[in-house]
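The chain contents come next:
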Amino acid sequence: MGSLCIYGGNIQDTQQLSALMTQIRQASPNAILALDEEGGDVTRLHYRDGSNQPGNAVLGRLDDPQLTRASARAIAREMRAYGFNLNLAPDADVNTNAQNPVIGVRSFGISPRKVAMHTAAFTVGLQGEMVAACAKHFPGHGDTSTDSHLSLPVVAVDPFTLAERELAPFTAAIQTGIAAIMTSHIMVPALDAENPATFSSAILGKLLRDELGFTGVIVTDALDMAGASAETGIPVAAVRALRAGADLLCLGTDMKREDYEQVVNAILHAVHEGALDPQRLRDAAARNTALATHYRVQDEACEPCELVTGDWSKAFETTSAVEGWIADPAEVQLVQVDTDSNMAVGHVPWGLSETHAVHELAAQLRQDGHRVLVVNFGWPAPRADITTYGASPVLARTVIEMLQIPAAQKC
């Protein structure tokens, strides 16, 4: 086995995860063991109870690169304790589209300069603790209004805008020495009018390799996503990605043994038919081996993650109603309105997001004479009194403390 990615559904508790990772390392000591641990809303280690890190959007708003590095270091130390050596993070997308359904608070912000700076800081934090970083989703998923898990988004920008905005964080990551970069299943007509980025030699070869000078591992986003394989199936998508220049294939979370065999057989068939150059596979294997060797997993005792502290409330957006509440707090009744998380977050039992039902309920409560504050645990949305830029528990606790909610009412 060359590599394995663990997801939230594979993790029950710390003891089970430790035992699982020990078995995996014994079976394949030189494997790349990956985790999708962005911090904030996207967490696998804390899938069942929420991340102990604030998340990218909060870190970007606080705009302290040292704090961003500290958050990444804490994530890396926890990963290393279990035996992981590749983190599919940071998210380097510039979230310029407020209607983006899949990036949002996973981004460091809307400023290319800020996103570039914090992408570099996060990379340094991870790799300084010997966990390989992987910036995503190249060449930039921030200016989309659809989710590539479900469809094929299009980023319709001119080459100049693309270079100055979408590519800036990836350029910064490459200059920092990032080990890996993840592709996106999006169309960028300015670069390739026919192929999504994951399958485009113009984007992965000419742009990423030749123009930007990236020499590390190119990882695909999950090939079971609709933007990659809805029309062709995963085996064909795997061959297309390798041919375009990808080195490491993220196949997806619901694969069975026969599904993996079909992917392998499709690759072998492509080689035998002359549709895939064997040297392309040798190059990919060499890069993966180099990453695994440099970030070799060592047996380490599992240690608790260091606590990264900050005044997270400084990242919040609030209205005057919040100031009035803090000056004169009332008896609190909490009403939680659940909505589905996007597929990157998963089906987690924590967190909130903005929905029309919230505002309908708030309007009715105000009409009935109640004092109401609407808290949006996500990217800014109209008519929210507090916007936290993330749904991790550390931000929820900050809201509770800000509003002076008694312990008995924290439910």
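Note that this is a predicted model, so its numbers are computed, not measured. (Residues numbered from 1 in each chain as written. Predicted model: local features only at pLDDT ≥ 70, side-chain atom pairs only at ≥ 80, totals over all residues. Heavy atoms only, no water.)

(A) Inspection of the overall build of the chain at higher detail. Helix and strand counts for the chain come out as 14 helices and 9 strands. With respect to the principal axes defined by its C-alpha atoms, the chain has extents near 75 × 50 × 40 Å. Out of the 411 residues in the chain, the part that is buried amounts to 54%. Intrachain contacts of the chain at a sequence separation of at least 6 include 73% that bridge at least 24 residues. About 18300 Å² of surface is accessible on the chain, with carbon and sulfur atoms providing 50% of the total. Computed over 29 positive and 48 negative side-chain charges, the separation of the two mean positions in the chain equals 4 Å. (Helix = DSSP H or I, 4+ residues; strand = E, 2+ residues; numbered from the N terminus. Buried < 20%, exposed > 50% of the residue type's maximum accessible area, 1.4 Å probe, protein only. Contact = heavy atoms within 4.5 Å. Areas by Shrake-Rupley, 256 points an atom, 1.4 Å probe, with all protein chains shown as cover. Lys, Arg positive; Asp, Glu negative; His and termini not counted. Charge placed at Lys NZ, Arg CZ, Asp CG, Glu CD.)

(B) Representation of the pairing of strand 1 (residues 3–6). Note: strand 1 against strand 2 (residues 32–35), 4 bridges, orientation parallel. Bridge pairing in strand 2 links leucine 4 to leucine 33. (Pairing = 2+ DSSP bridges.)

(C) Seen up close, the nonpolar core. Formed by 88 residues in total, the largest nonpolar core has its most connected members in Met21, Leu45, Phe84, Phe138, Ile181, Leu223 and Leu403. Ranked by residues supplied to this core, first place goes to helix 3 (residues 65–82) with 8 residues. If we ignore the near neighbours within four places in the chain, the residues touching leucine 223 are His185, Thr198, Phe199, Ala228, Ser229, Ile234, Ala237, Ala238, Leu249, Cys250 and Leu251. Membership of the second largest hydrophobic core comes to 15 residues, among which are Ala132, Ala180, Val219 and Leu248. (Core = buried A, V, L, I, M, F, W, Y, C linked by side-chain atoms within 4.5 Å.)

(D) Expanded view of the sheet that holds strand 6 (residues 217–219). Strand order in the open sheet made by the 6 strands is 1-2-3-4-5-6, with parallel pairing throughout. Of all strands in the sheet, those bounded by a partner on one side alone are strand 1 and strand 6.

(E) Region of the structure containing the environment of leucine 45. Position of leucine 45 relative to the elements: it lies in the loop between strand 2 and helix 2 (56–62). On the basis of relative accessibility, which here comes to 14%, the residue leucine 45 falls in the buried class. Put simply, leucine 45 and leucine 17 are 28 residues apart on the chain and 9.0 Å apart in space, counted from C-alpha to C-alpha. Beyond its immediate stretch of four places on either side in the chain, leucine 45 contacts Ile11, Leu17, Leu35, Glu37, Glu78, Met79, Tyr82 and Phe84.

(F) Examining helix 7 (residues 201–211) more closely. Considered for burial, the residues of helix 7 that qualify are Ile203, Leu204, Leu207, Leu208 and Arg209. An end-on view of helix 7 places all buried positions within 165 degrees of arc, on one side of the element. Seen from the open side of helix 7, the exposed residues pointing more than 90 degrees away from its buried face are Lys206, Asp210 and Glu211. Buried positions along helix 7 lie against strand 4 (132–138), helix 6 (168–176), strand 5 (180–183), strand 6, helix 9 (234–244) and helix 11 (278–294). The backbone nitrogen of alanine 202 has a side-chain oxygen 3.3 Å away, supplied by the residue at the start of helix 7, namely serine 200. Glycine 213 sits one or two residues past helix 7 and shows a positive phi near 75 degrees. (Arc of directions from axis to C-beta. Polar contact = N/O pair within 3.5 Å; in protein donor to acceptor, adjacent residues only side chain to side chain.)

(G) Just the sheet that holds strand 8 (residues 375–376), in detail. Here 3 strands make up an open sheet; going across it, the order is 7-9-8 and the pairing mixed. The open sheet terminates on both sides in strands that have one partner only, identified here as strand 7 (317–318) and strand 8. By the bridge criterion, 2 bridges tie strand 8 to strand 9 (residues 386–387) in an arrangement that is parallel. Across the sheet, asparagine 376 pairs through a bridge with threonine 387, a residue of strand 9.

(H) Expanded view of the packing of aromatic side chains. A complete count under the given rule lists 3 aromatic pairs for this structure. Consider the rings of phenylalanine 138 and phenylalanine 170, whose centres lie 5.1 Å apart with planes at 90 degrees: the pair is edge-to-face. In this pair, phenylalanine 138 is assigned in strand 4 and phenylalanine 170 in helix 6, connecting sequence segments 32 residues apart. Residue phenylalanine 170 is classed as buried on the basis of its relative accessible area of 0%. Between tryptophan 379 and tyrosine 389 the ring centres are 5.6 Å apart and the planes differ by 75 degrees, which places this aromatic pair in the edge-to-face class. One end of the pair, tryptophan 379, is in the loop between strand 8 and strand 9; the other, tyrosine 389, is in the loop between strand 9 and helix 14 (393–402), and 10 residues separate them in sequence. (Phe/Tyr/Trp six-rings, centres within 6.5 Å; stacked < 30°, edge-to-face > 60°.)

(I) Fine view of the pattern of salt bridges. Here the structure, examined in full by the defined rule, presents 16 salt bridges. One salt bridge connects aspartate 91 with arginine 106, and the closest N-O pair in it is separated by 3.9 Å. Taken together, the positions of aspartate 91 in the loop between strand 3 (86–87) and helix 4 (112–128) and arginine 106 in the loop between strand 3 and helix 4 put the pair 15 residues apart, joining distant regions of the chain. There is no split in this pair, since aspartate 91 and arginine 106 are both buried. Notably, a salt bridge pairs arginine 287 with aspartate 247, separated by 3.2 Å at the nearest N-O pair. One end of the pair, arginine 287, is in helix 11; the other, aspartate 247, is in the loop between helix 9 and helix 10 (257–272), with 40 residues separating them in the sequence. Classification of arginine 287 by relative accessible area gives partly exposed; the value is 25%. Take aspartate 247: its relative accessible area is 5%, and that puts it in the buried class. (Salt bridge = Lys/Arg side-chain N within 4 Å of Asp/Glu carboxyl O.)

(J) Region of interest: the packing of helix 3 against helix 4. At a minimum axis separation of 7 Å, helix 3 and helix 4 run at an interaxial angle of 40 degrees. Between helix 3 and helix 4 lies a crossing of right-handed hand. Where helix 3 abuts helix 4, its residues Pro65, Thr68, Arg69, Ala72, Arg73, Ile75 and Ala76 lie against Met117, His118, Ala121, Phe122, Val124, Gly125 and Leu126. When its residues are assigned to classes, the contact of helix 3 with helix 4 shows 9 nonpolar, 3 polar and 2 charged. (Axes fitted to C-alpha atoms, helices over the stretch in contact; angles between N-to-C directions. Left-handed = near helix turned anticlockwise from the far one by under 90°. Nonpolar A, V, L, I, M, F, W, Y, C, P; charged D, E, K, R; others polar.)

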